[in-house]
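# Chains, contacts and geometry: an overview
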Amino acid sequence: MELRSNAPDGPIQDSWDNHRFNMKLVNPSNKRKYDVIVVGSGLAGASAAATMAELGYNVKCFTFHDSPRRAHSIAAQGGINAAKNYQNDGDSIYRLFYDTVKGGDFRSREANVYRLAQISVNIIDQCAAQGVPFAREYGGMLSNRSFGGAQVSRTFYARGQTGQQLLLGAYQALSRQISLGKVEMFTKCEMMDVVLVDGQARGIVTRDLNTGEISSHAGHAVVLATGGYSTAFYLSTNAMNCNVMAAFRAHRKGAAFANPCYTQIHPTCIPVSGDHQSKLTLMSESLRNDGRVWVPKKANDTRAPGDIPEGERDYYLERKYPSFGNLAPRDISSRAAKEVCDEGRGVGPSGFGVYLDFADAIGRVGEDTIRERYGNLFDMYERITGENPYKRPMRIYPAPHYTMGGLWVDYNLMSTIDGLHVIGEANFSDHGANRLGASALMQGLADGYFVLPYTIGNYLASAKLDPVGNDHTAFAEAEAQVAARMQRLLDINGTRSVDSFHKELGRLMWEKCGMARTEAGLKEALVEIPKIRERFWKDVRVLGSGESLNQSLEKAARVADFMEFAELMCHDALDRDESCGAHFRTEHQTDDGEAKRNDEKYSYVAAWEYQGEGNAPKLHKEQLDFEYVKLAQRSYK
């Protein structure tokens, strides 16, 4: 396996423009001859499918939801970054580029990050033209707010519903192409495998979630826009259906998986309330613009928050990181919350919580202004907890959220499998070891609207693509393998539910490969995960049949992949014997408890090659060179 980034030479500010000019083009009449398969209909998938259809390609788009509007992108609440500098506060394309590389703790590819910052300014114009109701200032200009890891206000937002509103914009564009017959939409349809012909991705095998029918779809290229994998921890802020199956199926076929241990723990989530929970609820990072994070100075202080005087409160983020305060990056803020809770100063029934207090902001700008900025988020918090956050501080605690790791892609967003392109959260390319808030929506739309439509055309114009239909033997073989795997799950007929195994795996991953990792803990996990997997394949009970709607079977197939993928995460975390960003090895920290990198040995992307079930994966390295951002110890003090 050879990792070639294909990043263009020359000044970074001109790279994308020069690269686009040098790419091969498909003329408009020839675009009608190409069929492109898009798996996923969130922001990345919907924008890519709509844009490629608008260009003239024939697109098939697949989602396991009943509508593209159900994609998890709707859960991204706080905003989308763009270097517009509307606030005239010193922002620029270069500053967004710099903040993103620094925020990712210098573990991302410079060329991709600069392109993302460059394209960000176009995304806002695109979405505003689609009618996305961004917040506006009194004079009509688009409004901005701040997010963690930046000292400028560059985040565009629509109250606490930004992801939903952006997805509606992309969905409208997609629906138009569906009505014109340029996109064929497949709902309630899950990708089970990718099909390779002569080493090229030429289609997928799917299962209809209503009927259980297994079928194949052929095309000239395949695009995966299937999101992240933080439900490996069972409890996460992701929708319960989010999974790693599509990416892992591609990995088994030869796609390198990059940096799987880079999993982000979001600091602003409603704390766990009991074993009954199946997911956790995110409170947007945007709340930290006006909310102040604190805990009591004394351990085991059980007084109500209103009874604790100001002098007995520790506003620990403001104390430790005065330059950024409550808007310190997510990885740093999460570890700081864990630290004070480990000291016995956590709040709430479990002791695993900190306060997010809006009293000062309400006193400064008034309750009506806070309600206008965050009203739906406050309402959601009150419905879940029964507490009024206008009168009493919110209680928050870190939880698994975004995954920076993903399938390895080059500058053209193509994986190590020819013709298999990967976009949005499903790839690894832009965020390094930690994603800055409000950058997920930016990457998904940049990939879908502005990058992939160019680069996939270059691939189609360059590759030798013989005619292939779904009657090719490769499709029949893949269908047979999928059917056999599903039947194997049904035949076990054990005694334990799928969820019980998922919980067991998730608990182990949270403890050994979660917010903090140790060599001993990771080695222990690599011993325990195969045991859990063995028990799963002997004792899981999957009810029903494969010829109908069967959510138990759906879950079982996804958890089966997590059983293998969890090992890959631990291998990656064990190999990376340093701390960087969200990957915190407790053996490697500075005197004041910050992540301590080892740039001499670990300035690389870890890209893992599948070696067969039960075998350790093979590591390949893409060296990272920093020409424009000087390597330095990350500091937000």
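Predicted, not measured: the structure shown is a model, and the values here were computed from it.

What counts and how
- Residues numbered from 1 in each chain as written.
- Predicted model: local features only at pLDDT ≥ 70, side-chain atom pairs only at ≥ 80, totals over all residues.
- Heavy atoms only, no water.
- Pairing = 2+ DSSP bridges.
- Helix = DSSP H or I, 4+ residues; strand = E, 2+ residues; numbered from the N terminus.
- Core = buried A, V, L, I, M, F, W, Y, C linked by side-chain atoms within 4.5 Å.
- Buried < 20%, exposed > 50% of the residue type's maximum accessible area, 1.4 Å probe, protein only.
- Contact = heavy atoms within 4.5 Å.
- Domains from an automatic or database assignment.
- Salt bridge = Lys/Arg side-chain N within 4 Å of Asp/Glu carboxyl O.
- Polar contact = N/O pair within 3.5 Å; in protein donor to acceptor, adjacent residues only side chain to side chain.
- Nonpolar A, V, L, I, M, F, W, Y, C, P; charged D, E, K, R; others polar.
- Phe/Tyr/Trp six-rings, centres within 6.5 Å; stacked < 30°, edge-to-face > 60°.

Attention shifts here to the sheet that holds strand β18 (residues 604-609). A sheet is described by the order of its strands in space; here four strands give the open sequence β16-β10-β18-β19, paired in antiparallel fashion. Unpaired on one side and paired on the other, β16 (406-407) and β19 (618-623) mark the two borders of the sheet. Taken together, the two bridges between strand β10 (residues 257-258) and β18 define a ladder with antiparallel strand orientation. Note that in β18 the partner of F257 across the bridge is W608.

This part is about the nonpolar core. In terms of nonpolar packing, the biggest core is built from 156 residues, with M52 and I80 touching the most fellow members. Sequence-distant contacts of M52, defined by excluding residues within four places in its chain, comprise V36, V38, Y57, V59, V223, L452, P453 and I456. Core analysis: the next-biggest nonpolar cluster, separate from the first, contains 33 residues, L287, A328, A337 and Y397 among them.

Another point: the domain arrangement of the chain. Segmentation of the chain into domains returns domain 1 (268-400) and domain 2 (473-604). Placing the centre of domain 1 and that of domain 2 at their C-alpha centroids yields a distance of 31 Å. Across the boundary between the two partners, domain 1 contributes ten residues, which contact eight residues of domain 2. The tally of links from domain 1 across to domain 2 stands at zero salt bridges. Linking domain 1 with domain 2 are three residue pairs in polar contact (both at pLDDT 80 or more), by the criterion used here. Considering every element that reaches the side of domain 1 that touches domain 2, the biggest residue donor is helix α9 (residues 330-342), with five residues. Looking at the side of domain 1 that touches domain 2 residue by residue, the classes come out as five nonpolar, one polar and four charged.

So, about the packing of aromatic side chains. Considering all chains together, one arrives at 26 aromatic pairs under this definition. Ring plane angle 65 degrees and centroid distance 6.1 Å describe the contact between F134 and F156, whose orientation is recorded as edge-to-face. With F134 in the loop between α5 (110-129) and β4 (155-156) and F156 in strand β4, this pair connects stretches of sequence that are 22 residues apart. Across the pair, F156 and F134 agree in class, each one buried. A centroid spacing of 5.8 Å and a plane angle of 70 degrees characterise the contact between Y229 and F257, whose relative ring orientation is edge-to-face.

The topology assignment puts Q165 in helix α6 (residues 162-179). With relative accessibility at 16%, the residue Q165 sits in the buried group. Apart from residues lying up to four places away in sequence, Q165 is in contact with V132, P133 and A158.

Within the element layout of this structure, Y315 appears in the loop between β13 (313-314) and α8 (316-320). For Y315, a relative accessible area of 11% puts it in the buried group. Sequence separation of Y315 and A480 is 165 residues, and the distance between their C-alpha atoms is 59 Å. Beyond its immediate sequence surroundings of up to four residues, Y315 is in contact with R292, V293, W294 and E310.

Scanning all chains against the criterion turns up 54 salt bridges. Residue R249 pairs with D561 through a salt bridge whose shortest N-O separation is 2.3 Å. Here R249, found in helix α7 (residues 245-252), pairs with D561, found in helix α16 (residues 551-575); they are 312 residues apart in sequence, far enough to count as distant. With a relative accessible area of 8%, R249 lands in the buried category. The residue E578 makes a salt bridge to R576 at a minimum N-O spacing of 2.9 Å. Summarising the burial analysis for this pair, E578 and R576 share the class buried. Salt bridges sharing common partners tie together D105, R107, D331, R335, R576, E578, R597, D599 and R634.

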